[in-house]
Amino acid sequence: MRWDWLPQYFPVLVHGLYITLFILIFSVVVGFALAVPIGLVQVTGRAPARMAAGAFCSYIRGTPLLTQIWLLYYGIGSIFPLIPGFRENFMWLVRLDAFYYALLAFTLSFAGYEAEIMRGAFLSVPRGELEAARAFGMSPWKLTSRVWFPRAVFQVLPTLTGEVIGQLKSTPLVFTIPVLDLMAGVSKVRQDTFLTYEPLIFLAIIYMILTYIITRAFGYLEKLIPQRR
Amino acid sequence: MILAAAIARTWAEFFHDKAALLAFGDTGYGDELLWGAVRSVEIAFFAYALGLALGLAGAMGKLSGGPILKAILEGYTTLVRAVPELVLILLLYYAGTDGLNKILETVGIGRIEINGLVAAVFVLGFVQGAYHTEVLRAAIQAVPLGQSEAGKAYGMSPFKQFTRITLPAMLPNAIPGLANLWLNVTKDSALISVVGFTELALATRQAASVSKQYLLLYLVAQALYLTISLSSTLLFSWLERYVRRGQPKLA
């Protein structure tokens, strides 16, 4: 076992960790914000919207995230240059940076998985509670924001821990497109030093620590929620 | 109007003459992709079978093993489930092929070239095993103890107790989890592409980088993956109906 490479590559690895965590937190927060309307539409929407939301969820959940990332970065990314005048545009810079594609792919993925869970949660709120809210004369908006949404989110929170850990565990996939995350930093160490195991073991330990932190943090969050037993 | 025309031209340019690209044989990539999909399902199937076997053994060990075995299994499931699949695949792939060759060298057989499919199946199966262990353990624990005790009272051997009572009673609890794991392994099979095994994802990537038709080929690959997932979902819902036969309907 050789660990002398660690000090030298420390800055690269710290920056990689920052990128990994940024992708994780951004995709979880924005993805969840997207998941709520997508889940709600599947429960209450009209047929076309409901089917569109359902198709989106099936697609996200039915195909590997790896190929979703490649489709966005190599596939969608390859049509931008065909649009006349695009190369001269500032958007060209966005095309170049794989980081934005990674953010988009991870956000959509989290939204797809979480929307399916939110759909179930919205459905499982007892009808009597919604009827009581309606009997109080609440408007549909108020009913959703005061009763339906909070009740659904409280139910989802325990499963959210697993979902966020799942999302954390897919973050190394971004190294397959040029994003300099923690995995890419570790790959660089492996290429430079010809070490096979040590960098990967280091990576595994970091991910285990992150998993532990997330588990503890969500455990704390869950305790904050009022529960009636 | 100008924008609409530009978009229309872009699309026309893009999909011009693309059908030939998916032809079978030397001119198109249809056969490469379809073959890749077959390899993906192959990896997924054998890895799933291996995972199921490991999971069954693991669940048994966790439920009725000694303290040392329990601690080892706890370490296995916690470790595998806390580390990203991609990292595990890389670690196990290099460690596994390297370790096997070292053992073979010391025994005196010499190095062998390990078949990519076999390595992929072992690596994914080992990862799946940890998840299977947890799913099966929970499903077995959900079966009331009195049922297998009744079997014991009838003089059934432990094996018969398992096959006649515990197994059929736990399957309805286990099938949803097992279905999820199957869907996961079909998707995780794409990760094997990082160690250079040509399944659907890597076949698509290779075809796309040769033909430069990234969007079309990736869309076709996604459609193939989606077909696998959706048909599996159908199959598992039929299976769940079958193992739940005779049970009261869920609310």
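The structure displayed is predicted, hence computed values, not measured ones. (Residues numbered from 1 in each chain as written. Chains lettered and ligands numbered in written order. Predicted model: local features only at pLDDT ≥ 70, side-chain atom pairs only at ≥ 80, totals over all residues.)

## A short note on the overall build of chain B
Consideration 1: On a plain count of helices and strands, chain B comes out with nine helices and zero strands.
Consideration 2: Reading the helices (α) and strands (β) of chain B from amino to carboxyl end gives α-α-α-α-α-α-α-α-α.
Consideration 3: Here the analysis covers contacts within chain B between residues at least 6 apart in sequence; of these, 73% occur between residues at least 24 apart. (Helix = DSSP H or I, 4+ residues; strand = E, 2+ residues; numbered from the N terminus. Contact = placed C-beta atoms within 7 Å.)

## Quick look at the overall build of chain A
Consideration 1: Across its full length, chain A carries nine helices and zero strands.
Consideration 2: Scanning chain A from its N terminus toward the C terminus, one meets helices and strands in the order α-α-α-α-α-α-α-α-α.
Consideration 3: On the principal axes, the C-alpha backbone points of chain A span a range of 70 × 55 × 30 Å.
Consideration 4: Per-residue burial over chain A gives 35% buried out of 229 residues.
Consideration 5: The long-range fraction of contacts in chain A, counting pairs at least 24 apart against all pairs at least 6 apart in sequence, stands at 77%. (Buried ≥ 20, exposed ≤ 12 C-beta atoms within 10 Å, placed from the backbone.)

## Overview of the interface of chain A and chain B
Consideration 1: Listed by partner, the interface residues are 29 residues for chain A and 31 residues for chain B.
Consideration 2: Looking at the side of chain A that touches chain B, the elements with two or more residues in it are α2 (47–62), α3 (65–79), α7 (140–170) and α9 (198–224) of chain A.
Consideration 3: Its residues placed into classes, the side of chain A that touches chain B shows 19 nonpolar, nine polar and one charged. (Nonpolar A, V, L, I, M, F, W, Y, C, P; charged D, E, K, R; others polar.)

## Focus: the confidence of the model for chain B
Interpreting fine coordinate detail is not advised for predicted regions of low pLDDT.
Consideration 1: With 90% of its residues at a pLDDT of at least 70, chain B reaches an overall mean of 85.
Consideration 2: Reported confidences for the modelled complex are a pTM of 0.84 and an ipTM of 0.82. (pLDDT = per-residue confidence, 0-100.)

## Things to note about unusual backbone geometry
Consideration 1: With a phi close to 60°, Phe 194 of chain A is a non-glycine residue in the positive phi region.
Consideration 2: When you line up the elements, Phe 194 of chain A lands in the loop between α8 (182–193) and α9.

## Section: helix α1 (residues 5–44) of chain A
Consideration 1: Taking 1.5 Å of rise per residue, 40 residues should cover 58 Å, and α1 of chain A covers 56 Å from first to last C-alpha, within 8% of that figure.
Consideration 2: A maximum bend of about 50° is found in α1 of chain A at Pro 11 of chain A. (Expected span 1.5 Å × (residues − 1). Bend = angle between axes of the 7 residues up to and from the residue.)

## Considerations on helix α7 (residues 158–188) of chain B
Residues and elements named next belong to chain B.
Consideration 1: For α7, which comprises 31 residues, the first-to-last C-alpha distance of 36 Å sits more than 12% below the rise-based estimate of 45 Å (1.5 Å per residue).
Consideration 2: Largest kink in α7: about 50°, centred on Leu 171, with the proline Pro 172 one to four residues after it.
Consideration 3: All of the buried residues along α7 are Met 170, Ala 174, Ile 175, Leu 178, Leu 181, Trp 182, Asn 184, Val 185, Thr 186, Lys 187 and Asp 188.
Consideration 4: Contacts from the buried residues of α7 go to α2 (30–64), α4 (85–107), α5 (116–141) and α9 (214–243).

## Some thoughts on the packing of α1 of chain A against helix α5 (residues 98–124) of chain A
Residue and element names in this part refer to chain A.
Consideration 1: Relative to each other, α1 and α5 sit at 40°, their axes nearing to 6 Å. As far as their axial angle goes, α5 and α1 are oblique. Here α1 and α5 pass one another in a crossing that is right-handed.
Consideration 2: Class assignment for the residues of the contact of α1 with α5 results in 20 nonpolar, five polar and two charged. (Axes fitted to C-alpha atoms, helices over the stretch in contact; angles between N-to-C directions. Parallel < 35°, antiparallel > 145°, perpendicular 65-115°, else oblique. Left-handed = near helix turned anticlockwise from the far one by under 90°.)

## Some details on the packing of helix α8 (residues 200–211) of chain B against α9 of chain B
All names here are of chain B.
Consideration 1: Closest axis-to-axis distance for the α8/α9 pair is 9 Å, and the angle between their directions is 165°. Between α8 and α9, the angle falls in the class roughly antiparallel. Handedness of the crossing formed by α8 with α9: right-handed. For the pair α8 and α9, the contacting residues are Leu 200, Ala 201, Thr 204, Ala 207 and Ala 208 in the first and Tyr 214, Leu 217, Tyr 218, Ala 221, Leu 224 and Tyr 225 in the second.
Consideration 2: Residue composition of the contact of α8 with α9, grouped by class: ten nonpolar, one polar and no charged.

## Regarding the environment of Leu 33 of chain B
All names here are of chain B.
Consideration 1: In this structure, Leu 33 sits in helix α2.
Consideration 2: Leu 33 sits 168 residues away from Ala 201 along the chain, and the two C-alpha atoms are 8.6 Å apart.
Consideration 3: The contact partners of Leu 33, leaving out residues within four places of it in the chain, are Leu 200, Ala 203, Thr 204, Ala 207, Val 220, Ala 221 and Leu 224.

## Thoughts on the environment of Ile 69 of chain A
All names here are of chain A.
Consideration 1: For Ile 69, the location among the structural elements is in helix α3.
Consideration 2: It is 9.6 Å that separates the C-alpha atoms of Ile 69 and Ser 109, two residues lying 40 residues apart in sequence.
Consideration 3: When near neighbours in sequence (up to four residues on either side) are disregarded, Ile 69 contacts Ala 102, Ala 105, Leu 173, Val 174, Thr 176 and Ile 177.

## Here we look at the environment of Leu 210 of chain A
Consideration 1: Relative to the assigned elements, Leu 210 of chain A resides in helix α9.
Consideration 2: Taking C-alpha positions, Leu 210 of chain A is 8.6 Å from Ile 165 of chain A, a pair spaced 45 residues apart along the chain.

## Remarks on the confidence of the model for chain A
Consideration 1: On average, residues of chain A score 86 in pLDDT, and 91% of them reach the 70 mark or higher.
Consideration 2: When the elements of chain A are averaged for pLDDT, helix α4 (residues 91–96) of chain A gives the smallest value, 58, and α5 of chain A the largest, 91.

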